[in-house]
Amino acid sequence: MDPVVPDRPGDPARRTVTATEEELSALVRSAQRGDRMAVQELLDLLTPYVGRLCGPIALQDGPDATQEALIAVFRNIGRLREPAALFGWVRVIAVREAVRMARAGARTVADPLDEVPARGDPQLAADVRDVLERLSPAHRAVLVLRDLEGLDEHAVSALLGVPEPTVRTRLFRARRNFRKAWER
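Analysis parameters
- Residues numbered from 1 in each chain as written.
- Predicted model: local features only at pLDDT ≥ 70, side-chain atom pairs only at ≥ 80, totals over all residues.
- Heavy atoms only, no water.
- Axes fitted to C-alpha atoms, helices over the stretch in contact; angles between N-to-C directions.
- Helix = DSSP H or I, 4+ residues; strand = E, 2+ residues; numbered from the N terminus.
- Parallel < 35°, antiparallel > 145°, perpendicular 65-115°, else oblique.
- Left-handed = near helix turned anticlockwise from the far one by under 90°.
- Contact = heavy atoms within 4.5 Å.
- Nonpolar A, V, L, I, M, F, W, Y, C, P; charged D, E, K, R; others polar.
- Buried < 20%, exposed > 50% of the residue type's maximum accessible area, 1.4 Å probe, protein only.
- Arc of directions from axis to C-beta.

J.: When you look at the packing of helix α6 (residues 137-148) against helix α7 (residues 153-160) in this model, what are you seeing that I'm missing?
T.: Two packed helices can be described by the angle between their axes and the distance between those axes. Remark: α6 packs on α7, axes separated minimally by 10 Å, with the N-to-C direction vectors making an angle of 140°. Here α7 runs oblique to α6, going by the angle between their axes. Handedness of the α6/α7 crossing: right-handed. Contacts from A141, V142, L145 and R146 of α6 reach α7 at E153, V156, L159 and L160. Taken together, the residues of the contact of α6 with α7 sort by class into 6 nonpolar, no polar and 2 charged.

Written out as structure tokens, the structure is:
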């Protein structure tokens, strides 16, 4: 069995899920009973997924947020009632931890948004990350979940624990600030 994290919309480099729902459920149930091999398989399966969620939100603290989220997942795996909901349950924990770490790291003052590298810079990925770093953790979280992960506003609202109008407002402001910074 080779279970793989679900595809991210628009990302052709991601592999598709090869494990059936029954195989994944059996793996989760085994991990809940304390099977160390099952725990290791789940860890191998979830680490890239959690890292992909935590990295863009927590930025330089992404690896720490990933580690903390995985610790929370495996401490609480016994509480997961429906194994088929594994990825949604893990997503909630990962986003919550990433936002917590980003807020803790936000104590340092970010560079002003007007000092973003020009669009023609050859290190595009570094430029995008630089612009993301200048957004608040709340704006980063909503932008990553909506535009990178492809979640709808209702799902983002549920994950972040804020009303949908707040999600729409944050998304509007995050996109506006990102665009304004990027175009400079």
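Next comes the rest of the write-up.
J.: Could you clarify how one ought to interpret the side chain of E149 in this entry?
T.: Along the chain, E149 turns up in the loop between α6 and α7. Exposure remark for E149: the relative accessible area of 7% places this residue in the buried category.

J.: Explain α7 to me, please; I cannot follow it from the model alone.
T.: In an α-helix there are 3.6 residues to a turn, and that puts residues three or four apart on one side. By the burial criterion, the buried members of α7 are V156, S157 and L159. All buried residues of α7 lie within an arc of 165° about the axis, which places them on one face of the element. Exposed positions of α7 whose direction lies more than 90 degrees from the buried face are H154 and A158. Those residues of α7 hidden inside the fold are in contact with α4 (86-105), α6 and α8 (164-183). Once α7 finishes, G161 follows within two positions and takes phi at roughly 70°, a positive value.

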